[in-house]
Amino acid sequence: MSGATRRLTTAQALVEFLAHQYTERDGSRRRLIAACWGIFGHGNVAGLGQALLETGRDAMPYLQGRNEQAMVHAAVGYARQSNRLAAQAVTTSIGPGATNLVTGAALATVNRLPVLLLPGDIFATRPADPVLQQLEVPSAGDVSVNDCLRPVSRYFDRIVRPESLIPAALQAMRVLTDPADTGAVTLAFPQDVQAEAFDWPEEFFADRVWHVRRPAPDPAELAAAARAVRAARRPLIVAGGGIHHSEAEDALRALADATGIPVASTQAGKGSLRHDHPADIGGIGHTGTAVADDLARDADLVIGVGTRYSDFTTASATLFSNPDVRFLNLNIAPFDAHKLAATTLVADARAGLEALTEALAGHRVEEAYQAEYAAGKARWEQRVDAAYAAGDESARPSQTQVLGALDAVVGDEDVVINAAGSLPGDLHKLWRARSPRQYHLEYGYSCMGYEIPAAIGVRLAAPDRPVWALVGDGTYLMMPTEIVTAVQEGVNINIVLIQNHGYASIGGLSEETGGERFGTAYRFRAVDGTYTGDPLPVDLAANAASLGMEVIRAGSVAGLRAALADARASDRPTCVYVETETADTVSGAPAAQAWWDVPVAQAATRPAAVKARELYDRQAAARRRHL
């Protein structure tokens, strides 16, 4: 071991360390921390800010954001597009800059996506107490607002001495590269420690390669899994996001080709099979297709691959209703593999699928079963065609006709990003995914404001792929600020901005649950005090233009299709603005094919709530626990 040392500040040492971290999987090596986002204040400007300047762009590229939450979203988009093999860091000042990270951290951890958070913190040495923006906790002197990040981080540490950075940094890299346990990693960084000098061992700055493992299934588990599949007459695969993270799409296709087992997909797993593959039956659950949900109700074996079984997937525990249904879960995380009292296959998705295909050699489901789901798939495709079709090309489009116009313009290489509102349901039911990375839905946390910064992250990870952020007016008003970043950095993203004057998704949910769309429309107050007056005279297109985007307004279906083509051909960030039906009208998508549990008032006098509760009680009676 060399005794050589280098004198650097703690912040400089961290930046230098990060510049030498790499991942490796399947013989391919790439840099782990590709860049650092940052907004500077007194908690990091003289520490990490100075360190990024001194270390230089070649060692650690710096990206300037406008909102701390948005910077995390951008980093998450980058990590997902990179199959979790590369990530980005985010640094903020103390106080509000640090707490603005919490939502983004929760999103990253819920979705099992790596991001390194470096919030500034109060003085470790406490020369002046309290400092500006410090939260004082009378019962605990060692607490700061950064402790809000503990429950939403996979790993959290506070660097209270320079030398404590060494084990903390190594643990941070371990978690970022752990395919079963990754998410947000937080190193809270007191501002005085950031600037403190220390003699660091040169060994700390050596290149370090973190192998991203592909654990193979246990032989006994594999044998049990193969027996379960062979015994099933109506098996169904539920493909989750783990398929994409593991790059297991080819392995899934090989299993479907060999066995004829149909494949439904969660929001995170959509695109695991190309939409026109015979075994692909589309989305599953509350926002799923009729064919997928019908098969799920009768399935005697549900094979979950890389899924965590959210309530949207299980239709709030009402979907898998066959009395004899059993579950087989292939997942790299034992926590997810054991859900629903399943037979477990704890392994990497690709390694597990390849081994299962080999173990099932010669096995195939009955031809009648294949014919059944093929007919259901064909019927659903007709419903997609009907939702996309426009009878009058000169009319204002519905939301589903917007998707139809986009479908006519994109190529296999395009990436479509969405997270919240009514669009996730329409996309899950209708979008025809043409490649593994085309469908990018953040539906673990379903965070409004994710789409625009995530599009920047995706484009940074894949600069040759056209990227589309689909946003409604509600989401746009939450967080349009990173448009400025896209313009500044020349990151060529496309935004499709849909104006429907309110929260269309929650408006519909409110109506279904007896809330009568209360507080969900963007309108002036009426004389009765409700928001039911005229639509607000906002001009979101003008707003996007004021932030530096090229804006194309589309007033009809034909005009929209032309605008989308122009945006795709543009060499600068472009926004296509389209006004659709208002938030209190139907989008044109097929109705939900399965239930979702949103509790309804048990005691109410308004007729809408009373009626909604009666329906709720009937639906809730179908819930079951799988033990």
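Right above here is the structure, for reference.
Rules used throughout
Residues numbered from 1 in each chain as written. Predicted model: local features only at pLDDT ≥ 70, side-chain atom pairs only at ≥ 80, totals over all residues. Heavy atoms only, no water. Helix = DSSP H or I, 4+ residues; strand = E, 2+ residues; numbered from the N terminus. Rg over C-alpha atoms; globule rule 2.2 N^0.38 Å. Buried < 20%, exposed > 50% of the residue type's maximum accessible area, 1.4 Å probe, protein only. Contact = heavy atoms within 4.5 Å. Areas by Shrake-Rupley, 256 points an atom, 1.4 Å probe, with all protein chains shown as cover. Lys, Arg positive; Asp, Glu negative; His and termini not counted. Charge placed at Lys NZ, Arg CZ, Asp CG, Glu CD. 1 Å grid on protein atoms, 1.4 Å probe; cavity = no way out; pocket = protein on both sides within 12 Å on 5 of 7 lines; lining within 4 Å. Points joined across faces, edges and corners; volume = space filled by probe spheres on them. Nonpolar A, V, L, I, M, F, W, Y, C, P; charged D, E, K, R; others polar. Salt bridge = Lys/Arg side-chain N within 4 Å of Asp/Glu carboxyl O. Disulfide = S-S within 2.5 Å. Axes fitted to C-alpha atoms, helices over the stretch in contact; angles between N-to-C directions. Parallel < 35°, antiparallel > 145°, perpendicular 65-115°, else oblique. Left-handed = near helix turned anticlockwise from the far one by under 90°.

This next bit is on the overall build of the protein. What the protein contains, in helices and strands, is 24 helices and 23 strands. Here the protein has a C-alpha radius of gyration of 25 Å; the compact-globule value for 627 residues is 25 Å, and the two agree. For the protein, the C-alpha atoms occupy an extent of roughly 70 × 70 × 55 Å along the three principal directions. Counting only residues that meet the buried cut, the protein has 59% of its 627 residues in that class. Taking contacts inside the protein between residues at least 6 apart in sequence as the whole, the part at least 24 apart equals 77%. As presented, the protein carries roughly 24,200 Å² of accessible surface, and 53% of it is formed by carbon and sulfur atoms. Of the charged side chains in the protein, 57 are positive and 72 negative, and the gap between their average positions amounts to 3 Å.

Glancing now at empty space enclosed by the protein. Per the stated rule, a full pass over the model turns up four cavities of 30 Å³ or more. For the largest cavity, the calculated volume is near 110 Å³. At the level of secondary structure, the elements contributing two or more residues to the lining of the largest cavity comprise strand 14 (280-283), helix 15 (367-388) and helix 17 (423-430). Surrounding the second largest cavity, Arg 25, Asn 83, Arg 84, Leu 85, Leu 176, Thr 177, Asp 178, Pro 179, Thr 182, Val 212 and His 245 form its lining. Here the lining of the second largest cavity is composed, by residue class, of four nonpolar, four polar and three charged.

With that settled, the discussion passes to the pattern of salt bridges. Taken as a whole and judged by the stated rule, the model has 36 salt bridges. Here Arg 561 and Glu 393 are joined by a salt bridge, their closest N and O atoms 2.9 Å apart. In this pair, Arg 561 sits in helix 23 (residues 557-569) while Glu 393 sits in the loop between helix 15 and helix 16 (399-409), placing the two residues 168 residues apart along the sequence. With a shortest N-O distance of 2.9 Å, Arg 568 and Glu 413 are connected by a salt bridge. Taken together, the residues span a long stretch of sequence, with Arg 568 in helix 23 and Glu 413 in the loop between helix 16 and strand 18 (415-418) at a distance of 155 residues. By relative accessible area, which is 29% here, Arg 568 ends up partly exposed. Residue Glu 413 is classed as partly exposed on the basis of its relative accessible area, which comes to 38%. Through salt bridges that share partners, Asp 26, Arg 214, Asp 348, Arg 350 and Glu 354 make up one connected network.

This structure, assessed with the given rule, holds zero disulfides. Cysteine Cys 447 is unpaired, with the sulfur of Cys 148 as its nearest cysteine sulfur at 16 Å. With no disulfide of its own, Cys 575 lies closest to Cys 447 among cysteine sulfurs, the gap being 20 Å. Residue classification places Cys 575 among the buried positions, given a relative accessible area of 1%.

With that settled, consider unusual backbone geometry. The peptide bond linking Asp 129 to Pro 130 adopts the cis configuration, its omega dihedral lying at 10 degrees. Take Pro 130: it is sitting in the loop between strand 7 (115-121) and strand 8 (155-158). The backbone of Glu 516 shows a phi angle near 55 degrees, a positive value even though the residue is not glycine. Residue placement: Glu 516 occurs in the loop between helix 21 (504-512) and helix 22 (540-546).

One can describe the packing of helix 10 (residues 249-259) onto helix 14 (residues 349-359) by two numbers: an axis separation of 9 Å at closest approach and a directional angle of 20 degrees. With respect to helix 14, the element helix 10 is oriented roughly parallel. Handedness of the crossing formed by helix 10 with helix 14: left-handed. Where helix 10 abuts helix 14, its residues Ala 251, Leu 252, Ala 254, Leu 255 and Ala 258 lie against Arg 350, Leu 353, Glu 354, Leu 356 and Thr 357. Each residue belonging to the contact of helix 10 with helix 14 can be placed in one class, and the counts come to seven nonpolar, one polar and two charged.

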